[in-house]
Amino acid sequence: MASLSVKPGQRFTLPDWKNNSLLISADAEQQRFNSHHIRQEGRVLRNDTGNQAKWDEHNSRTHLKDRITTVDKWREALAKCLKDLDLEIDALSKVKEAAENAIQAKNLCLDVAIECLTFRESRRDIDVVRDPVEEELHKEVKVIEKTKKELQQRVDDAFRQLCLLKEARQQLSCDHRHKVEALELDRQCMSFNPTSGNISFKVNPTRIPDGTTALSEWELNSRCNKERAEAEMRASVDLRGAITLTIAQTNNELDAQRIATEFALRKRMRDMEAALSELRWQEKNTLEEIAEMEEEIRQLEEDIKKRTLDLKVAHTRLETRTYRPHIELCRDQAQFGLTDEVQQLEGIIRALQQKRTESQDALDALYRQLHRIQTDIGYKTNSLQLDNKCMDTRRKLVVPVEKFDPEVDAVSRTRNLPRESQLEL
């Protein structure tokens, strides 16, 4: 006979079974309640954190925009200042070059003045005189050396100012370059978003890097760089004006001295020509007088010869009459007449010979004077030729001059600087 199999184990009662069901239901309800509460809290937290994150990101983006705007304004200001600085450096360099050209032009003036002095050292004898021309030439040399010294000082000042301008430009350029790099980085930060592919976690991103400066220090540094550059540009403008004025003044001083020198030289040449004219007139008259004196001496010698022949005739007559015989050898009127004739002729010949000697001495004096006149004419002709050489040499200075027109100022100028001045070649 078959037997009924019974499952071994504890048997629960029906109330236990019902209680278990109720407990499970109650636990389910509690869990659902807890889950609902957590879900509500999570939703609130998500909303709060989402809004906070969006607001924070908005604030960060706004701050970045403001920062980019501020840095960009400074970048533009520094870029404009750099442009003005470059223009001022170029303008000062041109003025410095003009001053150097002016110094070079003064070298030509100095060479001409020294060459004129050297020419005039070849004067001879009485013409070696310290006349107004020599004094003016020495003054001209002193004026040229003085103007060269002043211009060289201006060139040195311009060189130092260019160094300061370039130093200020270097600092300004470095600041401008850093701001360009900072703008690029901040704009890159502006472009980041949650979908960007190059975002990642970083190690200690909130650290304060070494060399970090305060905002006030950052702005003060940029302002100081800009103000220094502007101050150096103002100093450069003043220096350019001073250099331009110095070039004009030195040119005027040298022109005035050159005019004075050439005026004295022309006056000296006129005096020399007048002296030469007088000497040539004296030479002509002396030559005429020499010719007349030579003719007079010739006439005197002819007369002496004639009177000598007459004396010979008288002597011969007297000697011949000494041979009269006996009583015929008497002192008659003919004897007295011939004796008087001999005495008269001898006196006449002595007087003629004395006059010939005096005439010869006068002729020798005339020849000496003629030699002196001709020598002086040679000296003065040489001096006039030397002064003509000086004038020819000084024609190197009488050439069309270049107009010096300063460049338009790179920044706002408040000084009325000279627009034109002359530069000598």
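Residues numbered from 1 in each chain as written. Predicted model: local features only at pLDDT ≥ 70, side-chain atom pairs only at ≥ 80, totals over all residues. Heavy atoms only, no water.

As annotated in an unreviewed UniProt entry, the protein chain is Tektin from Quiscalus mexicanus. UniProt, in the comment section headed Sequence similarities (unreviewed entry), describes the protein chain in these words: "Belongs to the tektin family." For the protein chain, the Subcellular location (unreviewed entry) comment in UniProt is given as "Cytoplasm, Cytoskeleton, Cilium axoneme". (UniProt positions renumbered as here; feature names shortened; annotations may be inferred.)

Participant: Explanation requested: the overall build of the protein chain in the structure shown.
Facilitator: Regarding its fold elements, the protein chain presents four helices and two strands. Mapped from its N terminus to its C terminus, the protein chain presents α and β elements in the order α-α-α-α-β-β. Since a compact globule built from 425 residues should have a radius of gyration of about 22 Å, the 61 Å found for the protein chain marks it as more spread out than a globular shape. Oriented by its inertia axes, the alpha-carbon framework of the protein chain measures out at about 260 × 50 × 30 Å. (Helix = DSSP H or I, 4+ residues; strand = E, 2+ residues; numbered from the N terminus. Rg over C-alpha atoms; globule rule 2.2 N^0.38 Å.)

Participant: Would you mind showing me how to read the environment of Arg298 here?
Facilitator: Considering the arrangement of structural elements, one finds Arg298 in helix α3 (residues 215-321). C-alpha separation for the pair Arg298 and Asp271, spaced 27 residues apart in sequence, amounts to 40 Å. There is a polar contact of 2.5 Å between the side chain of Arg298 and the side chain of Glu302. (Polar contact = N/O pair within 3.5 Å; in protein donor to acceptor, adjacent residues only side chain to side chain.)

Participant: Would you mind showing me how to read the nonpolar core here?
Facilitator: Proteins that are soluble and globular tend to have nonpolar side chains buried together. By size, the foremost hydrophobic cluster in this structure holds 24 residues, and its most contacted members are Ile144 and Leu265. In terms of residues, this core owes the most to one element, α3, which gives seven residues. Core analysis: the second largest hydrophobic core is formed by 23 residues, Leu82, Val95, Ala98 and Ala168 among them. (Core = buried A, V, L, I, M, F, W, Y, C linked by side-chain atoms within 4.5 Å. Buried < 20%, exposed > 50% of the residue type's maximum accessible area, 1.4 Å probe, protein only.)

Participant: Just checking my understanding: could you explain the layout of surface pockets for this structure?
Facilitator: The rolling of a water-molecule-sized probe over the atoms marks out the regions of remaining empty space. In this structure, the largest pocket encloses a volume near 660 Å³. Contributing to the lining of the largest pocket are 17 residues, with Leu185, Asp186, Pro205, Arg207 and Pro209 lying nearest its centre. Elements supplying a minimum of two residues to the lining of the largest pocket: α2 (132-191) and α3. The dominant element in the lining of the largest pocket, judged by the number of residues it contributes, is α2, at three residues. Of the residues contributing to the lining of the largest pocket, the split by class is nine nonpolar, five polar and three charged. (1 Å grid on protein atoms, 1.4 Å probe; cavity = no way out; pocket = protein on both sides within 12 Å on 5 of 7 lines; lining within 4 Å. Points joined across faces, edges and corners; volume = space filled by probe spheres on them. Nonpolar A, V, L, I, M, F, W, Y, C, P; charged D, E, K, R; others polar.)

Participant: Looking at this structure, how should I read the packing of helix α1 (residues 14-120) against α2?
Facilitator: Helix-helix packing is characterised by the crossing angle of the two axes and by the distance between the axes. α2 packs onto α1 with a crossing angle of 165 degrees between their chain directions and a minimal axis gap of 6 Å. When the interaxial angle is binned, α1 and α2 end up roughly antiparallel. Remark: the crossing between α1 and α2 carries left-handed chirality. (Axes fitted to C-alpha atoms, helices over the stretch in contact; angles between N-to-C directions. Parallel < 35°, antiparallel > 145°, perpendicular 65-115°, else oblique. Left-handed = near helix turned anticlockwise from the far one by under 90°.)

Participant: Quick question: what am I supposed to make of the UniProt feature "coiled-coil region" (unreviewed entry) in the protein chain here?
Facilitator: UniProt tags residues 134-161, 276-310 and 342-369 as "coiled-coil region" (unreviewed entry). In residues 134-161, the share of helix is 100% and the share of strand is 0%. The end C-alpha atoms are 40 Å apart.

Participant: Would you mind going over the environment of Cys109 with me for this structure?
Facilitator: Inspection of the secondary structure puts Cys109 in helix α1. We classify Cys109 as buried; its relative accessible area is 1%. The sequence separation of Cys109 and Glu217 amounts to 108 residues, and the corresponding C-alpha distance is 56 Å.

Participant: What is the right way to look at the confidence of the model for the protein chain in this model?
Facilitator: Detailed reading of the predicted model is not advised wherever pLDDT is low. Overall, the prediction assigns the protein chain a mean pLDDT of 85, with 91% of residues at 70 or greater. Here strand β2 (residues 421-423) is the element of the protein chain with the lowest mean pLDDT, 32, and α2 is the one with the highest, 91. In this model, residues 400-425 is a region of pLDDT below 50 whose contacts with residues beyond four sequence positions or in other chains number 59 contacts. (pLDDT = per-residue confidence, 0-100. Contact = heavy atoms within 4.5 Å.)

Participant: Hey, could you run me through the packing of aromatic side chains in this one?
Facilitator: Any aromatic ring pair is given by two values, namely how distant the centres are and how the planes are angled relative to each other. What the rule picks out here adds up to zero aromatic pairs. Over the aromatic face of Trp218 sits the side chain of Arg67, whose NZ or CZ is 3.9 Å from the ring centroid. (Phe/Tyr/Trp six-rings, centres within 6.5 Å; stacked < 30°, edge-to-face > 60°. Lys NZ or Arg CZ within 6 Å of the ring centre and 35° of its normal.)

Participant: What is the right way to look at the side chain of Thr286 in this model?
Facilitator: Structurally, Thr286 can be placed in helix α3. Only 2.5 Å separates the side chain of Thr286 from the backbone oxygen of Gln282, close enough to count as a polar contact. Beyond its immediate sequence surroundings of up to four residues, Thr286 is in contact with Leu366, Leu370 and Ile373.

Participant: I keep staring at the pattern of salt bridges and nothing clicks. Help me out?
Facilitator: If the charged atoms of two oppositely charged side chains come close together, the side chains can form a pair. Enumeration over the complete set of coordinates arrives at 38 salt bridges. For Asp86, the salt bridge goes to Arg169, with nearest N and O atoms at 2.4 Å. In this pair, Asp86 sits in helix α1 while Arg169 sits in helix α2, placing the two residues 83 residues apart along the sequence. The partly exposed category is assigned to Arg169, whose relative accessible area is 28%. (Salt bridge = Lys/Arg side-chain N within 4 Å of Asp/Glu carboxyl O.)

Participant: What is the right way to look at the packing of α1 against helix α4 (residues 333-394) in this model?
Facilitator: α4 packs onto α1 with a crossing angle of 170 degrees between their chain directions and a minimal axis gap of 9 Å. Here α1 is positioned roughly antiparallel relative to α4, judged by the angle of their axes. Seen from α1, the contacting residues are Val112, Glu115, Cys116, Phe119 and Arg120; seen from α4, they are Leu386, Asp387, Lys389, Cys390, Thr393 and Arg394. Split into classes, the residues belonging to the contact of α1 with α4 amount to five nonpolar, one polar and five charged.

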